[in-house]
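Structural characterization, general
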Amino acid sequence: MITYKDVAADVLAYSLPGIKKIIEEHDLKSVQDLINFLVYSKSYDEHFDESLSSIRHDMCIANRKGKEPNVYSTKEYEDKSLNNVDKYNYGDILLLSAPTGELSTRYRSLRDLSIDKIKKYLTLTDASGDNYLLRRAKNLGVNSVDNLISSIDMYSNQVVRQALLTDSKEKNIFTYQQSEKAWLVKEKYADIIAYLIYNTDELVWGKLSDTQKKLYLSSIIGSKKLDVLIKERMIDIIANYTTLPELEDVKDNNYDVLKRFIKR
């Protein structure tokens, strides 16, 4: 059964002046959260109830059909303070497409959406019970969800690893020591690429074709625009999803951490 607890508060973000601001300022997740806040703050009025009418209508239709909310879950942080980190990072850093090409059209609409919202929208629906992220993100379908969740969990695991290296939880610790990490990746770039393409036929973002392998190898010493672009992307990827101590091991020719990028 679909209830107000399942429906994203953002469905009502543009229904009345000020509602979007209230949702964002108070980090309200569901329509029920929004109702509770408006009742508590004595801001609930007939105009808001009118805005709820279409949601109630769609919910009733879906519930009469026996529809259940289509929601998904991702890894949760044991340290809840880390949730704040997700607000600083966006879908463009998730490992969803090969760095040898452009971001797949199915994931393009996630580029400018915060990880915080991606995670939240996966757990919510529209008034008809359909997943809110799938309804909101153009070209993203049910068949893409498993891959998306795996990439989000990989990101969350990295946030946890980074958190162990610093006491500060107020900043974007996902990018903690980023420049130092990128420098180490650049220093060992040739060895990193060789390890990845000679130890698997599938990386976490997809299968490795012979053409792609040639592109990765070319990026080691090539100077063409595509060579430079692939190298820059790969340096960012490896630096984003490893810690400085792990890369210091790579510098000493221990490549175990690179298994993280190999599809299992």
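Computed from a predicted structure; not experimentally measured. (Residues numbered from 1 in each chain as written. Predicted model: local features only at pLDDT ≥ 70, side-chain atom pairs only at ≥ 80, totals over all residues. Heavy atoms only, no water.)

Evaluated as defined, the whole model comprises five aromatic pairs. Ring centres 4.8 Å apart and planes at 80° place the aromatic pair Tyr-121 and Tyr-132 in the edge-to-face group. With Tyr-121 in helix α4 (residues 115–122) and Tyr-132 in helix α5 (residues 132–136), this pair connects stretches of sequence that are eleven residues apart. Neither residue differs from the other here; Tyr-121 and Tyr-132 are each classed as buried. These aromatic residues form a ring-pair network of at least three members: Tyr-155, Phe-174 and Tyr-241. (Phe/Tyr/Trp six-rings, centres within 6.5 Å; stacked < 30°, edge-to-face > 60°. Helix = DSSP H or I, 4+ residues; strand = E, 2+ residues; numbered from the N terminus. Buried < 20%, exposed > 50% of the residue type's maximum accessible area, 1.4 Å probe, protein only.)

The next subject is helix α8 (residues 189–198). The α-helix advances 3.6 residues per turn, and as a result positions three or four apart in sequence lie on the same side. By the burial criterion, the buried members of α8 are Tyr-189, Ile-192, Ile-193, Tyr-195, Leu-196 and Ile-197. Summarising the contacts, the buried residues of α8 are in contact with α7 (178–187), β1 (202–203), α9 (210–221), α10 (225–240) and α11 (244–251). (Contact = heavy atoms within 4.5 Å.)

Its place among the elements puts Thr-125 in the loop between α4 and α5. When neighbours within four sequence positions are excluded, Thr-125 is seen to be in contact with Ile-2, Asp-6, Val-7, Ala-8, Val-11, Pro-69, Asn-70, Val-71, Asp-130, Asn-131 and Tyr-132.

With respect to the element layout, Ser-156 can be found in helix α6 (residues 145–163). When its relative accessible area of 0% is taken as the criterion, Ser-156 is described as buried. Once residues lying within four places of it in the same chain are set aside, the contact partners of Ser-156 are Lys-75, Tyr-77 and Lys-119.

Let us look at the packing of α8 against α10. Orientation of α8 relative to α10, taken along the N-to-C sense of each, is 80°, at an axis distance of 12 Å. Here α8 lies roughly perpendicular to α10, going by the angle between them. On α10, the residues that touch Tyr-189, Ile-192, Ile-193 and Leu-196 of α8 are Ile-230, Lys-231, Met-234, Ile-235 and Ile-238. Taken together, the residues of the contact of α8 with α10 sort by class into eight nonpolar, no polar and one charged. (Axes fitted to C-alpha atoms, helices over the stretch in contact; angles between N-to-C directions. Parallel < 35°, antiparallel > 145°, perpendicular 65-115°, else oblique. Nonpolar A, V, L, I, M, F, W, Y, C, P; charged D, E, K, R; others polar.)

Moving on: the pattern of salt bridges. Applying the stated criterion to the full structure yields eleven salt bridges. Taking the shortest distance from any N to any O, the salt bridge between Lys-188 and Asp-191 comes out at 3.1 Å. What makes Lys-188 buried here is its relative accessible area of 12%. With a relative accessible area of 35%, Asp-191 lands in the partly exposed category. Between Glu-202 and Lys-207 there is a salt bridge whose closest N-O contact spans 3.4 Å. (Salt bridge = Lys/Arg side-chain N within 4 Å of Asp/Glu carboxyl O.)

In this model α10 runs 22 Å from its N-terminal to its C-terminal C-alpha over 16 residues, within 8% of the 22 Å that 1.5 Å per residue would give. Within the sequence span of α10, burial applies to Asp-227, Ile-230, Met-234, Ile-235, Ile-237, Ile-238, Ala-239 and Asn-240. Those residues of α10 hidden inside the fold are in contact with α6, α7, α8, α9 and α11. (Expected span 1.5 Å × (residues − 1).)

In a pair of packed helices, the angle between the axes and the distance between the axes together describe the arrangement. Where α7 contacts α10, the two axes come as close as 9 Å, and the packing angle between them is 120°. Classified by the angle between their axes, α7 and α10 sit oblique to one another. α10 is crossed by α7, and the crossing has right-handed handedness. Together, Gln-178, Lys-181, Ala-182, Val-185 and Lys-186 of α7 and Ile-235, Asp-236, Ile-238, Ala-239 and Asn-240 of α10 make up the contact between the two elements. The residue makeup of the contact of α7 with α10, split by class, is five nonpolar, two polar and three charged. (Left-handed = near helix turned anticlockwise from the far one by under 90°.)

This brings us to the environment of Val-250. Structurally, Val-250 is set in helix α11. Judged by its relative accessible area of 1%, Val-250 is buried. Expressed as a C-alpha distance, the spacing of Val-250 and Lys-21, which sit 229 residues apart in the sequence, is 46 Å. Look past the residues within four positions of Val-250 in its chain and what remains in contact with it is Lys-188, Ile-192, Tyr-255 and Val-257.

The next point concerns unusual backbone geometry. Both trends apply: most residues other than glycine have a negative phi, and most peptide bonds are in trans. Although it is not a glycine, Lys-42 adopts a positive phi angle of roughly 60°. In this fold, Lys-42 is placed in the loop between α2 (31–40) and α3 (46–64). Despite not being glycine, Gln-177 has its phi angle at roughly 60°, a positive value. Along the polypeptide, Gln-177 turns up in the loop between α6 and α7.

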